Amino acid sequence: MANNSEFSSKLGLIAATVGSAVGLGNVWRFPAETQAHGGAAFLLVYVACVILFGVPVMLGEFSIGRAGKSDAIDSYRRLSPGKPWWISGFLGIVCSYLILTFYMVVSGWTLEYLYQSISGELFAPIPGVEEGSNLQFADRMQEYVAGVWPPMIWTWITIGLCGAVLCMGVQKGIERASNILMPLLFLILIILCVNAMNLPKAAEGLEYFFKPDFSKITPKVCISALGQAFFSLSLGMGTLITYGSYFRKDTNLTRTAFTVSLLDMAVAILVGMIIFPGVMSFGLQGESFDGSALVFVTFPEIFNNMWCPQLWSSLFFILLAVAALTSSISIAEVSIAYFSGHFNMKRVPATCAVLLPLVLLSSLSSLSNGVLSDWTICGYTIFGACDALTANILMPLGALIMAVYLGWFAPKGLMQDQLTNGGTIRNRLAVPVMFLLKWVTPLLILVIFITSLFM
Ligand code: TRP
């Protein structure tokens, strides 16, 4: 069924879409990937991937959504009735639901850390552990994550907060929340960045982050950079098909895609400009940012070396919570749009139908970091299995099917029509974008998908 919801203003549309893109992927995953793959070399390849592949695929998703005017599955059905392309949307919905099971848990951790930063508990010494040492924060993190009730209750609170916004609908919920939260996020980011520039070894940190050593660019670096670009721009899971269906007829898709991608990249780069000067200034280079270590261990350590740790830490965790919540909302919206469109459900029942089972699933995911860590699937905990299955298999597969569809099987003129708003605006980029989607993107995703299965 067609949906009638629309974003009400240009700014609101950008805020909501940037809200989806800017998430844990920018603040957490990006610096960890940068550190693991050679600093500036990774950054360079990442920027190229965003512009060459991210923007065209984003335009593809927007086009399917706005032309199909429905959710991730039914948009395909309406555009190509009787054909199996809706499977791409179906994979997207399954994948988004699985992502939610651990994204909500981590979002819950950020709320706990925000609470502990404001109350000062985060920086209180632990008996028997040297004050200010890495162990102080690493131990605290391990203990917290493995606990039973606190992480689970914070996960429920996160689901409740997202549910409240989602129940209010597209304009009054998602758009209004993004209009308030996204400017706040940018403001905090800039304050933290100015502060980081005043650290003693800021210049060394910036050099590591910005001065590329070209010999470090390897196939593995390229694959990781592409994966990061897709995740960070919310591609391959039907999120932007769903948001695209809320765009107005006169929205300039190309301008929107560039604005969203540049802002998303700007956030990742600003986060790098905060973390690397801190790491250099306080001698934390030897630490690994892997897993939860960066956000919940390294950042608190950096703040602990500054004056007034509580202030910086509280600002940072507000930033992280805002980023996590607006992205969680967009991931949940994929399923909610499907329920309300396909089964003709009202907004509130559709939201409940999606979020209530999630309470149980994400509780299991939370417990799998502690008491249920023995429950494993192919050697992964429940939390780890959902992460690996989505990032390594479902997301690339969904994106591959979509790229093949757009390049070869979509109705003639679909992209051209969407990129020029039915011929009313000129768009010099339409031809190169369609060329990339037809020839380069499917091949590239296929190569990466196959290589990653063997790596
Ligand atoms: N882009 C978000 C981040 O950086 C996460 C996200 C939201 C996402 N919607 C998505 C990732 C859709 C993949 C697909 O954290």
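Residues numbered from 1 in each chain as written. Predicted model: local features only at pLDDT ≥ 70, side-chain atom pairs only at ≥ 80, totals over all residues. Heavy atoms only, no water.

Draft legend 1. Region of interest: the overall build of the protein chain. For the protein chain, the count of helices and strands is 18 helices and 2 strands. On C-alpha atoms alone, the protein chain measures out to a radius of gyration of 21 Å, which is about the 23 Å that the 2.2 N^0.38 rule sets for 455 residues. Judged by the C-alpha coordinates and their principal axes, the protein chain covers about 65 × 50 × 45 Å. The buried share of the protein chain, taken over its 455 residues, is 58%. Considering only residue pairs separated by 6 or more positions, the protein chain has 81% of its internal contacts joining residues 24 or more positions apart. Per element, the accessible surface of the protein chain, about 18400 Å² overall, is 68% carbon and sulfur. Of the charged side chains in the protein chain, 23 are positive and 24 negative; the average position of the first set lies 19 Å away from that of the second. (Helix = DSSP H or I, 4+ residues; strand = E, 2+ residues; numbered from the N terminus. Rg over C-alpha atoms; globule rule 2.2 N^0.38 Å. Buried < 20%, exposed > 50% of the residue type's maximum accessible area, 1.4 Å probe, protein only. Contact = heavy atoms within 4.5 Å. Areas by Shrake-Rupley, 256 points an atom, 1.4 Å probe, with all protein chains shown as cover. Lys, Arg positive; Asp, Glu negative; His and termini not counted. Charge placed at Lys NZ, Arg CZ, Asp CG, Glu CD.)

Draft legend 2. Inspection of the site of the ligand at higher detail. Taken together, 17 residues surround the ligand, and among them Ala21, Gly25, Tyr103, Phe231 and Met237 come closest. Backbone polar atom of Ser20 to a nitrogen atom of the ligand: 3.4 Å apart, as the coordinates give it. Within the side chain of Tyr103, an N or O atom sits 2.6 Å from an oxygen atom of the ligand. Relative to its unbound accessible surface of 360 Å², the ligand loses 100% to contact with the protein. Every element with two or more residues in the shell around the ligand is listed here: helix H1 (10-21), helix H2 (24-36), helix H10 (219-232) and helix H14 (309-342). Of the residues assigned to the shell around the ligand, the class counts are 8 nonpolar, 9 polar and no charged. (Near = heavy atom within 4 Å. Polar contact = N/O pair within 3.5 Å; in protein donor to acceptor, adjacent residues only side chain to side chain. Nonpolar A, V, L, I, M, F, W, Y, C, P; charged D, E, K, R; others polar.)

Draft legend 3. Inspection of the side chain of Ser107 at higher detail. Mapped onto the secondary structure, Ser107 falls in helix H5 (residues 86-119). Exposure remark for Ser107: the relative accessible area of 1% places this residue in the buried category. Apart from the residues within four sequence positions on either side, Ser107 is in contact with Thr158, Ala324 and Ser328.

Draft legend 4. Fine view of H14. For H14, spanning 34 residues, the distance from its first C-alpha to its last is 49 Å, which sits close to the expected 50 Å at 1.5 Å a residue. At Glu333, H14 shows its strongest bend, of approximately 30 degrees. When you tally the buried positions in H14, you get 28 out of 34 residues, the bulk of the element. Of the residues one or two after H14, Asn344 is the one with positive phi, at around 55 degrees. (Expected span 1.5 Å × (residues − 1). Bend = angle between axes of the 7 residues up to and from the residue.)

Draft legend 5. Local environment of the environment of Ile64. Within the fold, Ile64 resides in helix H3 (residues 40-68). You can call Ile64 buried: its relative accessible area is 0%. Other than its neighbours up to four places away in sequence, Ile64 contacts Lys69, Ser75, Tyr76, Leu79, Ile241, Met402, Tyr405 and Leu406.

Draft legend 6. Summary view of the nonpolar core. In this structure, Tyr46, Trp109, Leu185, Phe316 and Phe317 are the most contacted members of the largest nonpolar core, which totals 143 residues. The leading source of residues in this core is H14, at 16 residues. What Tyr46 contacts, discounting residues up to four positions off in sequence, is Phe30, Ala225, Gln228, Ala229, Ser232, Asp264, Met265 and Ala268. The next biggest cluster of nonpolar side chains, apart from the first, holds 5 residues, and it includes Ala72, Ile73, Ile93 and Tyr338. (Core = buried A, V, L, I, M, F, W, Y, C linked by side-chain atoms within 4.5 Å.)

Draft legend 7. Up close: the packing of aromatic side chains. Under the criterion given, the structure shown has 34 aromatic pairs. A centroid spacing of 6.3 Å and a plane angle of 40 degrees characterise the contact between Tyr243 and Tyr246, whose relative ring orientation is tilted. Summarising the burial analysis for this pair, Tyr243 and Tyr246 share the class buried. Following the ring pairs from residue to residue traces out a cluster consisting of Trp28, Trp109, Tyr113, Tyr144, Phe296, Phe299, Phe303, Phe316 and Phe317. The positively charged end of Arg29 is found above the aromatic ring belonging to Phe231, 5.3 Å away from the centroid. A cation sits over an aromatic face here: Arg77 above Trp86, 4.8 Å from the ring centre. (Phe/Tyr/Trp six-rings, centres within 6.5 Å; stacked < 30°, edge-to-face > 60°. Lys NZ or Arg CZ within 6 Å of the ring centre and 35° of its normal.)

Draft legend 8. Fine view of the pattern of salt bridges. Applying the stated criterion across every chain, the model contains 4 salt bridges. Residue Lys211 pairs with Glu207 through a salt bridge whose shortest N-O separation is 3.9 Å. Residue Lys211 is classed as exposed on the basis of its relative accessible area, which comes to 58%. The salt bridge partner of Asp250 is Arg248, with a shortest N-O separation of 3.4 Å. The exposed category is assigned to Asp250, whose relative accessible area is 53%. (Salt bridge = Lys/Arg side-chain N within 4 Å of Asp/Glu carboxyl O.)

Draft legend 9. Local environment of the environment of Ile159. Structurally, Ile159 is set in helix H7 (residues 149-167). Judged by its relative accessible area of 5%, Ile159 falls in the buried class. Each C-alpha atom, one on Ile159 and one on Ser224, is 30 Å from the other, the two residues being 65 residues apart in sequence. Residue contacts for Ile159: discarding those within four places in its chain leaves Met104, Leu355, Leu358, Val359 and Ser362.

Draft legend 10. Layout of the packing of H3 against helix H12 (residues 253-281). One can describe the packing of H3 onto H12 by two numbers: an axis separation of 9 Å at closest approach and a directional angle of 140 degrees. Between H3 and H12, the crossing angle belongs to the class labelled oblique. When the axes of H3 and H12 are compared, the crossing they make is right-handed. Counting all contacts with H3, which are made through Leu43, Tyr46, Val47, Val50, Val55, Met58, Leu59, Phe62, Ser63 and Arg66, the residues of H12 involved are Leu253, Thr254, Thr256, Ala257, Phe258, Val260, Ser261, Asp264, Met265, Ala268 and Ile269. Across the contact of H3 with H12, the residue classes tally to 15 nonpolar, 4 polar and 2 charged. (Axes fitted to C-alpha atoms, helices over the stretch in contact; angles between N-to-C directions. Parallel < 35°, antiparallel > 145°, perpendicular 65-115°, else oblique. Left-handed = near helix turned anticlockwise from the far one by under 90°.)

Draft legend 11. How the structure looks around the side chain of Arg140. Mapped onto the elements, Arg140 comes out in helix H6 (residues 134-145). At 3.0 Å, the side chain of Arg140 forms a polar contact with the backbone oxygen of Ala124. In this view, Arg140 contacts Tyr113, Gln116, Glu121, Leu122, Ala124, Ile126 and Leu135; residues no more than four positions away in its chain are not counted.

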